[in-house]
Amino acid sequence: MTTPIVAQKAPYAQAVEAGKTYYWCACGHSAKQPFCDGSHKTVGLAPTPFVAQKSATAYLCGCKQSKNAPYCDGTHQSL
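Residues numbered from 1 in each chain as written. Predicted model: local features only at pLDDT ≥ 70, side-chain atom pairs only at ≥ 80, totals over all residues. Heavy atoms only, no water.

(A) Structural context of the environment of Gln14. By secondary structure assignment, the location of Gln14 is in strand β1 (residues 12–16). According to the relative accessible area criterion, Gln14 is partly exposed, its value standing at 24%. Distance in space between the C-alpha atoms of Gln14 and Gln33 is 10 Å, their sequence separation being 19 residues. Ignoring any residue separated from it by four or fewer positions in sequence, one finds Gln14 in contact with Pro34, Phe35, Ala56, Thr57, Ala58 and Leu60. (Helix = DSSP H or I, 4+ residues; strand = E, 2+ residues; numbered from the N terminus. Buried < 20%, exposed > 50% of the residue type's maximum accessible area, 1.4 Å probe, protein only. Contact = heavy atoms within 4.5 Å.)

(B) Spatial organisation of unusual backbone geometry. Geometrically, the link from Gln33 to Pro34 is a cis peptide bond, its omega value of 10° lying close to zero. Looking at the secondary structure, you find Pro34 in the loop between β2 (21–24) and β3 (48–51). In this structure, the amide linkage connecting Ala69 to the following residue, Pro70, adopts the cis form with an omega of 15°. Within the element layout of this structure, Pro70 appears in the segment after β4 (56–60). Even without glycine at this site, Lys64 takes up a positive phi of about 70°. Considering the arrangement of structural elements, one finds Lys64 in the segment after β4. Take Lys64: its relative accessible area is 6%, and that puts it in the buried class.

Take it as geometry only, folks, not as evidence of what the structure does.
Laid out in structure tokens, this is it:
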């Protein structure tokens, strides 16, 4: 499988720390949304690593369809 599943039709508001690396779940199967828990190993998709540019609340894509992954771009509104 190479198509992600929709984890939720809304972004995840997540506090992130500047300079820290995070692994955003790109497959939708993680039980630790919006972050990776290794579930992708059975579906053929890999997480998307990103480094937080500043300490703030990040709005991470929950539908897994964003063109600006890992960040929400509003695509969930058309699903």
